[in-house]
Amino acid sequence: MKSVRVVAFAVALVAVSVAAAVAWLGTEAAYAQSAWRFGAVLVLSGDGAAYGNSQREGLELARDTINAAGGILGMPVEIIFEDSRGERTEAVNAVLKLINRDRVLAIIGPTYSPEMFAAGPVADRARTTIMGISTTAVGIGEIGDYVFRNSLPEEGVIPTTIRVSKEKLGYRTAALLYSNNNDFTKSAAETFERELRTNGVELVAIETFHDGDTDFRAQLTKVLQANPDVLVVSALYKEAALLLQQARQLGLDQPVVGGNGFNSPELYRLAGEAAEGAIVGSPWFPGRDDPLVQDFVARYQERYGRVPDQFAAQAYDGLMLFAEAARRSGNPTNRQAFRDALAQIRNFEGVTGVFSFDEHGNPMMDATILQLRGGEYVEFK
Amino acid sequence: MGARATTVWFQQLINGVSLGATYSLVALGYTLVFGTLGIINMAHGDIFMFGAFFGLVLVETGLLSAPAMLVAAAGGAAIMGLLLEYIALRPLRRRQAGHLTPLISTIGVGIFLRSLALQLFGPDSKSFPMALRGGSYRLGGAVVTQVDIVILTAGLLLMLGLWLLLSRTKLGKAMRATAENQATAALLGVNTEAIIAVTVMLAAALGGVAGALVGLSFAVSPTMGLPYGLKGLSIIVLGGMGNVPGAMLGGLILGFAEVITVQLLSSSWRDMAAFTLLFLLLVVKPDGLFGRAQQAGGRA
Amino acid sequence: MLQVEDVRAGYGAVQVLKGIRLHVSQGQIVALIGANGAGKTTTLRVIAGQLRPSAGRVVFGGEDISRRPAYARARAGLVHVPEGRAVLTRMTVQENLEMGAYARADAEVAHDLERVFTRFPRLRERRRQPAGTLSGGEQQMLAIGRALMARPKVLLLDEPSMGLAPLVTAEIFRLIQEINQEGTTILLVEQNARQALRIAHYAYVMETGQIALEGSAKELLNNRRVVDAYLGGA
Ligand SMILES: Nc1ncnc2c1ncn2[C@@H]1O[C@H](COP(=O)(O)OP(=O)(O)O)[C@@H](O)[C@H]1O
Ligand SMILES: [Mg+2]
């Protein structure tokens with residue numbers, strides 16, 4: 001008898017709170033019609049806070065740029081920031097809150113790929129667009145129709161790296177050296193191998209090592225024997241630096257093309273002269289000779305006192321892409337129209353490059369190819 | 001047109017010697033401590049790492065001298081060895097804690113040292129100034145770096161010195177007597193506790209020098225001791241636990257095995273082939289190259 | 001020269017020595033005899049510093065050495081040749097002998113080494129061999145030779161004849177007497193009671209951790225009880 005009463009009371013309580021919530025949500029939705037309201041789920045505290053804060057700065061600069069020019073179709077852009085602390089459950093909670101309570105049109109983030117694998121399906125079920133701006137794991141766009149990203153993974157950089165460097169250097173044979181106990185360098189090496197073959201380059205030596213190895217001379221001596229036209233290296237900066245030094249010492253003076261490890265300034269600090277001339281592709285290059293890029297870098301630098309990093313640049317482009325989709329869809333409360341407009345964007349000119357989505361919502365764009373010259377990265381032309 | 005096969009092999013020979021010499025130096029420290037105390041000092045790789053940092057810190061004060069750098073590495077590491085003995089080894093020995101407990105306590109010390117290095121020096125790799133590392137020479141088509149020569153010279157001198165110490169001096173004989181039987185050594189007037197402390201310090205100093213040489217040759221970082229520690233451990237198994245010439249030869253054998261595997265098979269087989277060789281050798285000679293079966297009157 | 005006063009000692013909870021008194025006068029051979037398990041070895045271990053007594057003290061040259069570690073006692077001239085010889089098997093014969101002189105810093109070590117080799121020609125022949133390759137008798141010679149290299153004031157010998165052939169045993173006893181005649185005080189533990197008493201000046205008989213009987217070696221050789229119990233009633 002007693003339990004029946006408890007259940008009845010609970011049901012009543014739930015009914016009342018649902019009614020209250022519906023009433024409250026109604027007012028929220030009405031308010032949202034006067035602005036383009038987006039959510040951003042970023043790592044704003046904890047270990048990855050530096051990434052999230054760069055992203056926040058990029059987004060804020062983009063927002064203020066748009067609003068200063070009169071907003072989109074006369075309505076301003078709003079961003080509601082949520083801190084995921086880099087944790088999947090926090091990211092999911094933040095996405096739920098943004099969708100159900102804040103009634104945002106679409107969401108930017110989360111910062112990390114594992115967070116996206118948890119939060120992406122949630123947004124997708126709610127038919128709300130979510131776009132990663134730093135998630136590079138394989139399979140992000142494939143999560144669902146409403147899941148996008150504008151961040152180019154290393155695998156997306158490498159085709160440009162090989163195409164451009166082969167065009168300029170005209171190599172016919174290559175040696176591929178990579179660390180095979182690291183998922184990133186290994187999968188990048190597979191992409192390098194595929195792209196080299198696609199471009200008709202013969203692989204005359206493939207040598208492996210491990211993260212933490214220090215002596216690469218046995219492998220390099222073998223490469224010396226194979227005498228390739230170019231060395232292609234997929235390694236973290238530490239191993240890459242030692243490998244370059246030993247290669248130069250042994251008399252391997254061929255040009256070197258590197259994977260993402262070569263994007264670290266640590267490479268030159270450790271390898272010094274041995275890294276001179278190394279070629280690497282990068283999704284972001286603040287030194288690019290392009291008015292759009294130089295304008296962004298100058299305004300960012302003025303506001304935050306430093307050169308924007310990759311996270312800030314991709315975030316900036318992310319919001320600019322959202323603005324373009326908003327302009328095309330025309331309605332700040334129609335999530336479906338927004339999603340369809342975003343998916344159709346082609347050849348969008350951002351600060352990180354010319355950009356299109358593939359059929360899954362993954363980015364298709366050219367990376368910038370850089371070369372180390374006197375300790376500085378310059379565009380490789 | 002690639003390099004000629006003979007040149008390639010000559011270069012691989014040089015590569016093998018250079019690699020093997022560093023392995024030997026690392027292994028010597030392990031073997032000295034195992035020989036005297038019957039324990040594996042799991043902190044050795046981390047003392048090795050600190051040796052490199054001691055050398056680097058000295059060099060960064062502006063003193064660009066390889067010998068001074070090696071002395072700093074040896075001295076700093078020796079002090080760490082002494083602390084290890086007093087903090088992690090002697091108290092357990094007093095309580096007759098067996099052989100497993102000190103193994104675990106040295107693992108603890110190793111983790112502590114690694115975290116300490118991370119705090120003090122940060123996670124990044126650092127390198128010695130080019131001025132100290134010098135250039136390289138051409139030798140019959142092959143390349144030898146100045147650092148290789150320093151490693152080989154220092155390695156040979158240290159091994160010769162260690163051999164002379166152990167075979168010719170009173171201290172060395174006391175070390176060997178203590179290693180074989182502490183009770184008997186004490187009856188001969190040997191202050192075995194002091195000898196053990198000296199042995200642990202000497203092992204640490206050798207580790208420190210090895211670390212500084214590896215650091216000079218490659219780079220210095222808080223985790224640099226891990227792979228070398230692992231190699232050092234397998235070498236003392238290969239050479240015969242506690243055996244000094246075994247450690248020296250074992251290091252060279254492992255160095256050559258790795259280089260030859262890369263040249264003849266494939267670099268992805270490098271570690272596997274080296275350890276397969278180790279395994280095969282142990283099947284043929286279970287006590288290692290120079291190992292003795294446990295003898296009567298051996299370690300108490 | 002050496003006194004053991006009311007020493008009690010044991011292993012863990014097991015009390016082995018239940019109040020032992022011994023007196024070893026300078027220049028003498030004192031024998032300590034008794035059945036297997038009586039506590040003779042334990043007594044020597046206490047004297048040499050390998051085992052801490054729970055009560056009593058050891059006095060050497062007028063000084064209480066009860067708290068000194070084993071190596072310090074060896075350096076002071078109290079040299080122990082333990083049961084089972086304990087040569088350093090991995091070191092050569094000559095290195096073992098050199099280790100005997102470890103605590104010495106004088107210039108006569110080489111001279112003493114020569115004397116040991118003269119006394120034991122077998123050891124000279126095998127000087128470069130690892131000691132572990134020697135026969136039992138040779139190892140005993142080496143153990144004694146090594147002890148002599150320390151120029152001991154008092155030599156503690158634990159069953160030097162154990163496991164040796166009769167001919168070798170005789171040689172060992174002759175040697176002990178010779179060493180004593182050259183001025184070294186000796187405390188000799190033996191199960192071979194008759195031979196021990198023949199060369200000793202004074203003797204103690206141990207039974208289950210206590211001194212049962214003592215007297216001059218001649219007296220004990222003729223004591224009924226001793227003859228019945230230890231000399232096979234001959
Ligand atoms: N290490 C030991 N641990 C425990 N008991 C021991 C140990 N050594 C000797 N004993 C015991 O102490 C007693 C005396 O031994 P010991 O002194 O060796 O006699 P002895 O030398 O007269 O034959 C024996 O009962 C023996 O079992
Ligand atoms: Mg006995």
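Keep in mind it's a predicted model, so treat the numbers as computed, not measured. All chains use their own residue numbering, which begins from 1 and follows the written sequence. Naming scheme: in the order in which they are written, chains are lettered from A and ligands are numbered from 1. Confidence filtering applies because this is a predicted model: local features only for residues at pLDDT of at least 70, side-chain atom pairs given and counted only at 80 or more, and all residues used for totals across whole chains, interfaces and linings. As a convention, hydrogens and water are excluded, and side-chain values are obtained from all of the structure's heavy atoms.

Overview of the sheet that holds strand E2 (residues 77-83) of chain A
Note on sheets: strands pair through backbone hydrogen bonds, and any given pair is parallel or antiparallel. Residue and element names in this part refer to chain A. Worth spelling out the cut-off: Two strands qualify as a pair provided DSSP detects at least 2 bridges between them. What counts as a helix is a DSSP run of H or I of at least four residues, what counts as a strand is a run of E of at least two, and both are numbered from the N terminus. Axis definition: a line fitted to C-alpha atoms, limited for helices to the stretch in contact. Angles are taken between N-to-C directions and run from 0 to 180 degrees. In what follows, residue pairs with any heavy atoms lying within 4.5 Å of each other are defined as contacts.
Pairing is parallel across the open sheet formed by five strands, whose spatial order is E2-E1-E3-E4-E5. Of all strands in the sheet, those with a lone pairing partner are E2 and strand E5 (147-149), marking the two edges. Geometrically, the sheet is characterised by an average inter-axis angle of 25° between neighbouring strands, direction not taken into account. As paired strands, strand E1 (residues 36-42) and E2 are joined by seven bridges and run parallel to one another. Within E2, the position partnered with Leu42 by the bridge is Asp83. Its contacts with the sheet put helix H11 (residues 310-329) on E1, E2, strand E3 (106-108) and strand E4 (129-132), and the angle it makes with E3 is roughly 165°.

Description of the coordination of the magnesium ion (ligand 2)
How we decide: In this description, a donor is an N, O or S atom within 2.8 Å of the metal centre, a cutoff extended to 3.2 Å for sodium, potassium and calcium. Water is not part of the atom list, which can make sites seem incomplete.
Donor atoms from the polypeptide that bind the magnesium ion (ligand 2) are Thr41 of chain C (OG1) and Glu83 of chain C (OE), placed at 2.0 to 2.4 Å. One end of the pair, Thr41 of chain C, is in helix H1 (residues 40-48); the other, Glu83 of chain C, is in the loop between strand E6 (78-81) and helix H3 (93-100), and 42 residues separate them in sequence.

Some points on the site of ligand 1
Residue and element names in this part refer to chain C. As a reminder of what qualifies: Distances are taken per atom, and a residue is near a molecule or strand as soon as one of its heavy atoms is within 4 Å of it. N or O atoms within 3.5 Å of each other form a polar contact, as long as, within protein, one can give a hydrogen and the other can take it, and as long as residues adjacent in sequence are counted only when both atoms are side-chain atoms. Per-residue accessibility takes into account occlusion by the displayed protein chains alone, with areas from the Shrake-Rupley method and a 1.4 Å probe.
Residues in close proximity to ligand 1 include Tyr11, Val16, Ala35, Asn36, Gly37, Ala38, Gly39, Lys40, Thr41 and Thr42, which together make up its full environment. One of the side-chain nitrogen or oxygen atoms of Asn36 is found 3.1 Å away from an oxygen atom of ligand 1. Between ligand 1 and Lys40 there is a distance of 2.8 Å, counted from an oxygen atom to a backbone nitrogen or oxygen. Here ligand 1 loses 58% of its free accessible area of 550 Å² to cover by the protein chains. Residue contributions to the shell around ligand 1 peak at three residues, all from H1.

What about unusual backbone geometry?
Defined as follows: Buried residues are those whose accessible area, probed at 1.4 Å on protein chains only, stays under 20% of the maximum for their type, while exposed residues exceed 50% and partly exposed ones sit between those limits.
Following Gly109 of chain A, the chain continues into Pro110 of chain A via a peptide bond in cis, with omega recorded as -10°. Along the chain, the position of Pro110 of chain A falls in the loop between E3 and helix H4 (113-125). A positive phi angle, close to 50°, is found at Arg151 of chain C, a residue other than glycine. Take Arg151 of chain C: it is sitting in the loop between helix H6 (136-149) and strand E7 (154-158). Classification of Arg151 of chain C as partly exposed rests on a relative accessible area of 39%.

Let's talk about the arrangement of the chains
Counting contacts across all two pairs of chains found in contact, the highest total belongs to chains A and B. Chain C makes no contact with chain A, the minimum C-alpha separation between the two being 37 Å.

Observations regarding the nonpolar core
Quick reminder of the rule: By nonpolar core is meant a set of buried Ala, Val, Leu, Ile, Met, Phe, Trp, Tyr and Cys residues that side-chain atoms within 4.5 Å join together.
By size, the foremost hydrophobic cluster in this structure holds 116 residues, and its most contacted members are Phe262 and Leu267 of chain A, Leu28 of chain B together with Met99 of chain C. Sorting elements by how many residues they give to this core places helix H9 (residues 192-217) of chain B first, with 13 residues. Dropping the residues within four chain positions of it, Met99 of chain C is found in contact with Lys173, Ala174, Ala177, Leu188 and Val190 of chain B together with Leu88 and Met91 of chain C. Of all hydrophobic cores here, the second largest spans 49 residues; its members include Phe148, Ala312, Ala313 and Tyr316 of chain A.

Section: the pattern of salt bridges
We count it as follows: The working definition used for a salt bridge is a side-chain nitrogen of Lys or Arg within 4 Å of a carboxyl oxygen of Asp or Glu.
Enumeration according to the criterion identifies 49 salt bridges over all chains in this entry. In this structure, the salt-bridge partner of Arg104 of chain C is Asp112 of chain C, at a minimum N-O distance of 2.7 Å. For Glu108 of chain C, the salt bridge is made with Arg151 of chain C, and the minimal N-O distance between the two is 2.7 Å. Here Glu108 of chain C is found in the loop between H3 and helix H4 (109-119), whereas its partner Arg151 of chain C is found in the loop between H6 and E7, with 43 residues between them in sequence. Classification of Glu108 of chain C by relative accessible area gives partly exposed; the value is 38%. Within this structure, Glu85, Arg90, Arg93, Arg94 and Glu193 of chain B form a network of salt bridges that share partners.

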